[in-house]
Protein chains: 2
Amino acid sequence: MRDEATAFVPGHITGFFSAHPHEDPTKAGSRGAGLTLTDGVEVTVEPASESTVVLDGEEIAVEPVTTVLETLEVSARVEAESELPLGSGFGISGAMALGTALAANDVFGRRLSTNELVTIAHGAEVQAGTGLGDVVAQAHGGIPIRLEPGGPHENVLDSIPARARVEYVSFGELSTADVLSGETDRLTDAGQEALSRVVEEPTLPSFIYASRLFAREAGLLTGRVQEAIEDVAAVDGQASMAMLGETVFALGTGLSDAGYEPSVCSTHPAGAVLK
Amino acid sequence: MRDEATAFVPGHITGFFSAHPHEDPTKAGSRGAGLTLTDGVEVTVEPASESTVVLDGEEIAVEPVTTVLETLEVSARVEAESELPLGSGFGISGAMALGTALAANDVFGRRLSTNELVTIAHGAEVQAGTGLGDVVAQAHGGIPIRLEPGGPHENVLDSIPARARVEYVSFGELSTADVLSGETDRLTDAGQEALSRVVEEPTLPSFIYASRLFAREAGLLTGRVQEAIEDVAAVDGQASMAMLGETVFALGTGLSDAGYEPSVCSTHPAGAVLK
């Protein structure tokens, strides 16, 4: 058994999605598309007599992480450092679950394949209600299009062959669990329509246009988010809302051009990796 | 139309494989496993009135590249710079085909998805007989396990969740087309057995062990290659032969420890990317 192992998992901004529930959490998930980010979460796993989870120095409860440890039948100290805010649409809980699975497999010599580890993390995230598609997107990297929902044994993925500078501003949190436990019919209709558009034309301009339409039609825009998207449009930029958080993201220099002071990163070419 | 676009495609060393012919080249391919490498090929595509292909400053004919350009209905100057030798088991022809597809899609605004571009490059490579699994592995990155053959709409991929320093020495060329056009029954049996082993235990030690067994059982070892593998084993290192080239690769410092002066790189965490 090694002393510790560390994985880096890119953040993931979902531009649009449709929810696809299933009683088996490894088959449940979402269709949609998003951007994986060079800003992400570094997760270090170290064997311990009792499991604890620490994010940016503070002990917290993250249900999918606990489930991953239990599934792998290990107890460990999980320490995560994140460049991204929690609860704001960057897939932090998914990143922590996936990073824990990869690092724990390594440090405890569990000998599972990548697909098996992604399945465990995806299932744990779905079961906790904290996300539906972040984990498979974060395992893939790039700008993933989730054509069919579920874990790696079920889903179908494609991607947009491009990369981009990404800017973002977070105004606050939205609860993924609250939105997903509510009425999702309208959201799912809008998500399917956005997906058709991006499958027809898998480019960045088409992705951000479809995302903006989705945010509006799904009724998820808050006042501040709408205002920032309009500000970016006023300077000929392209922005939309991160699903699900009170966060605006833009391609290129959209938010800075509009006078905001955004965080800046890029799309991440690779999926989650052991360091 | 942009002036030019550049893609980087990682090299790919196949450790073992089994051939799976099909009359449709996008369904034909191989099962197996390999290492994608930080050493690779940079491919730049620039619109031109007549198509030409240049590798490391010299004009050459690369059938899969020509096929990719024809499929995309473009004529272009394709300029490739490679850190790896041609014909020695690093998937250079596949890398050039895939890099051409990604860069040409970008520069000519063809609006195809990643899976579509990989399908085109994979089909072109299979049709030319220059490779069966490099393109899908190079699009994936990491240490891909090819569970089911074919392009992205057909295949099933998994991977070994690890990374490694890789050393390699090339003694000369072997013709993939010659080996693949010969009797492949023995090779395919050995490849299936190696795959079962790696699926059972998806780790680096199991991959290199299965690869070595495959090289021996498939009857592909040359004298120089066998000698180098034994030299590495004598210093407790792990090495095998790159399929298909007269090339020995080792994990960690196996070849240097054995007194060779190898090229050194690492497994590449990402698949092919636009720069």
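Our subject is the structure listed above.
Residues numbered from 1 in each chain as written. Chains lettered and ligands numbered in written order. Predicted model: local features only at pLDDT ≥ 70, side-chain atom pairs only at ≥ 80, totals over all residues. Heavy atoms only, no water.

**Student:** Give a description of the relation of the copies chain A and chain B that names residues and reports values.
**Tutor:** Least-squares fitting of chain A to chain B yields an RMSD of 0.0 Å, with the transformation described by 0.0 Å of translation along the axis and a rotation of 180°. Expressed as a symmetry operation, the mapping of one chain copy onto the other fits a two-fold axis. Closest to the rotation axis within chain A is the C-alpha of Ala270 of chain A, separated from it by 2.1 Å. (Least-squares fit on C-alpha atoms with pLDDT ≥ 70 in both.)

**Student:** For the packing of helix α1 (residues 63-71) of chain B against helix α3 (residues 114-128) of chain B, give the residues involved together with the corresponding values.
**Tutor:** The description of two helices packed together rests on the angle between their axes and the distance between the axes. All names here are of chain B. Interhelical geometry of α1 versus α3 gives an angle of 135° and a closest axis separation of 8 Å. Overall, the two elements α1 and α3 adopt an arrangement that is oblique. Regarding α1 and α3, the two cross each other, and that crossing is right-handed. Contacts from Glu63, Pro64, Thr67, Val68 and Thr71 in α1 reach Ile120, Ala121, Ala124, Glu125, Gln127 and Ala128 in α3. Its residues assigned to classes, the contact of α1 with α3 shows six nonpolar, three polar and two charged. (Axes fitted to C-alpha atoms, helices over the stretch in contact; angles between N-to-C directions. Helix = DSSP H or I, 4+ residues; strand = E, 2+ residues; numbered from the N terminus. Parallel < 35°, antiparallel > 145°, perpendicular 65-115°, else oblique. Left-handed = near helix turned anticlockwise from the far one by under 90°. Contact = heavy atoms within 4.5 Å. Nonpolar A, V, L, I, M, F, W, Y, C, P; charged D, E, K, R; others polar.)

**Student:** Got a sec to walk through the nonpolar core? Specific residues and values, please.
**Tutor:** Inside soluble globular proteins, nonpolar side chains tend to come together where they are buried. Ranked by size, the top nonpolar core spans 82 residues in total, and within it Phe16, Leu35, Val45, Met96, Phe214, Leu220 and Phe249 of chain B carry the most contacts. Each residue touching Leu220 of chain B, except ones within four places of it in the same chain, is listed here: Val179, Leu187, Phe214, Ala215, Met241, Met243 and Leu244 of chain B. By size, the runner-up hydrophobic cluster in this structure holds 80 residues, among which are Leu69, Leu117, Leu195 and Ala272 of chain A. (Core = buried A, V, L, I, M, F, W, Y, C linked by side-chain atoms within 4.5 Å. Buried < 20%, exposed > 50% of the residue type's maximum accessible area, 1.4 Å probe, protein only.)

**Student:** Break down helix α6 (residues 185-200) of chain A for me, with residues and values.
**Tutor:** Residues and elements named next belong to chain A. Over its 16 residues, α6 runs 23 Å from end to end, which matches the ideal 22 Å to within 8%, given 1.5 Å per residue. Among all positions of α6, only Leu187, Thr188, Ala190, Gly191, Ala194, Leu195 and Val198 are buried. The arc enclosing the buried residues of α6, seen along the axis, measures out at 160°, which places them on a common side. Seen from the open side of α6, the exposed residues pointing more than 90 degrees away from its buried face are Asp185, Arg186, Asp189 and Glu200. (Expected span 1.5 Å × (residues − 1). Arc of directions from axis to C-beta.)

**Student:** Account for the pattern of salt bridges, naming residues and giving values.
**Tutor:** All names here are of chain B. The final tally for this structure, using the stated rule, is twelve salt bridges over all chains. Glu167 serves as the salt-bridge partner of Arg165, at 2.6 Å between the closest nitrogen and oxygen. Between Glu246 and Arg224 there is a salt bridge; the shortest N-O distance is 2.8 Å. Of this pair, Glu246 sits in strand β10 (residues 246-251) while Arg224 is found in helix α8 (residues 223-234), placing the two residues 22 residues apart along the sequence. A relative accessible area of 10% places Glu246 in the buried class. (Salt bridge = Lys/Arg side-chain N within 4 Å of Asp/Glu carboxyl O.)

**Student:** Describe the sheet that holds strand β9 (residues 239-241) of chain B, listing the residues and the values that go with them.
**Tutor:** Residue and element names in this part refer to chain B. Spatially, β9-β10-β8-β11 is the arrangement adopted by the four strands of the open sheet, whose pairing is antiparallel. Every other strand in the sheet has two partners, leaving β9 and β11 (263-266) as the edge strands with one partner each. With strand direction ignored, the average angle separating the axes of adjacent strands in the sheet is 30°. The pairing of β9 with β10 spans three bridges and is classified as antiparallel. Bridged to Ser240 within β10 is Phe249. Each of β9 and β10 touches helix α7 (residues 204-217); the most contacted strand, β9, lies at about 45° to it. (Pairing = 2+ DSSP bridges.)

**Student:** Which residues make up the interface of chain A and chain B, and what values do they have?
**Tutor:** If you look at the interface, chain A gives 23 residues, while chain B gives 23 residues. Taking both sides of the interface into account, the surface hidden between chain A and chain B amounts to around 1800 Å²; carbon and sulfur atoms contribute 53%. Across the chain A-chain B interface, the total number found is two salt bridges. Among the salt bridges present, the one from Arg111 of chain B reaches Glu201 of chain A, with a minimum N-O distance of 3.1 Å. Put simply, chain A and chain B have twelve residue pairs in polar contact (both at pLDDT 80 or more) between them. Every element with two or more residues in the side of chain A that touches chain B is listed here: α2 (92-107), α3 (114-128), β7 (156-159) and β12 (273-274) of chain A. By residue class, the composition of the side of chain A that touches chain B is twelve nonpolar, six polar and five charged. (Buried area = accessible area lost by both parts, 1.4 Å probe. Polar contact = N/O pair within 3.5 Å; in protein donor to acceptor, adjacent residues only side chain to side chain.)

**Student:** I'd like a description of the pairing of strand β3 (residues 52-55) of chain B, backed by residues and values.
**Tutor:** Residue and element names in this part refer to chain B. Inspection of the sheet shows β3 paired to strand β5 (residues 76-82) by four bridges, in the parallel sense. Among the inter-strand pairings, Val54 is bridged to a residue of β5, identified as Glu79. Pairing of β3 with strand β4 (residues 58-59) involves two bridges; the strand directions are antiparallel. Note that in β4 the partner of Val54 across the bridge is Glu59. The hairpin formed by β3 and β4 contains two residues between the paired strands, and Asp56 there has a positive phi angle of roughly 50°.

**Student:** So what's going on with empty space enclosed by the protein? Residues and values would help.
**Tutor:** Applying the stated criterion across every chain, the model contains two cavities of 30 Å³ or more. Of the voids in this model, the largest cavity is the one considered here, and its volume is about 40 Å³. Taken together, Ala190, Glu193, Ala194, Arg197, Ala210, Leu213, Phe214 and Glu217 of chain B make up the full set of residues lining the largest cavity. Listing elements by their share of the lining of the largest cavity, those giving two or more residues are α6 (185-200) and α7 of chain B. Taken together, the residues of the lining of the largest cavity break down into five nonpolar, no polar and three charged. Of the voids in this model, the second largest cavity is the one considered here, and its volume is about 30 Å³. Of all the secondary-structure elements, those providing two or more residues to the lining of the second largest cavity are α6 and α7 (204-217) of chain A. (1 Å grid on protein atoms, 1.4 Å probe; cavity = no way out; pocket = protein on both sides within 12 Å on 5 of 7 lines; lining within 4 Å. Points joined across faces, edges and corners; volume = space filled by probe spheres on them.)

**Student:** Any details on the side chain of Asn105 of chain B? Residues and values, ideally.
**Tutor:** Considering the arrangement of structural elements, one finds Asn105 of chain B in helix α2 (residues 92-107). Here the side chain of Asn105 of chain B touches Arg111 of chain B through a polar contact of 3.2 Å, landing on its backbone nitrogen.

**Student:** Summarise the sheet that holds strand β8 (residues 165-172) of chain A; cite the residues concerned and give the values.
**Tutor:** The strands making up a sheet associate through hydrogen bonds between their backbones, and the pairing can be parallel or antiparallel. Residue and element names in this part refer to chain A. Overall, antiparallel pairing links the four strands, which are arranged β9-β10-β8-β11 in an open sheet. With one partner strand each, in any of the chains shown, β9 (239-241) and β11 (263-266) form the two edges of the open sheet. In this sheet, adjacent strand axes meet at a mean angle of 30° when their direction is disregarded. Pairing between β8 and β11: four bridges, direction antiparallel.

**Student:** How would you sum up unusual backbone geometry? Please name residues and give values.
**Tutor:** Residues and elements named next belong to chain A. The omega torsion of the bond from Met243 to Leu244 falls at 5°, within 30 degrees of zero and hence cis. With respect to the helices, strands and loops of the structure, Leu244 is situated in the loop between β9 and β10 (246-251). The phi torsion at Asp236 lies on the positive side, around 65°, for a residue other than glycine. By secondary structure assignment, the location of Asp236 is in the loop between α8 (223-234) and β9.

Distances and angles like these do not, on their own, reveal function.
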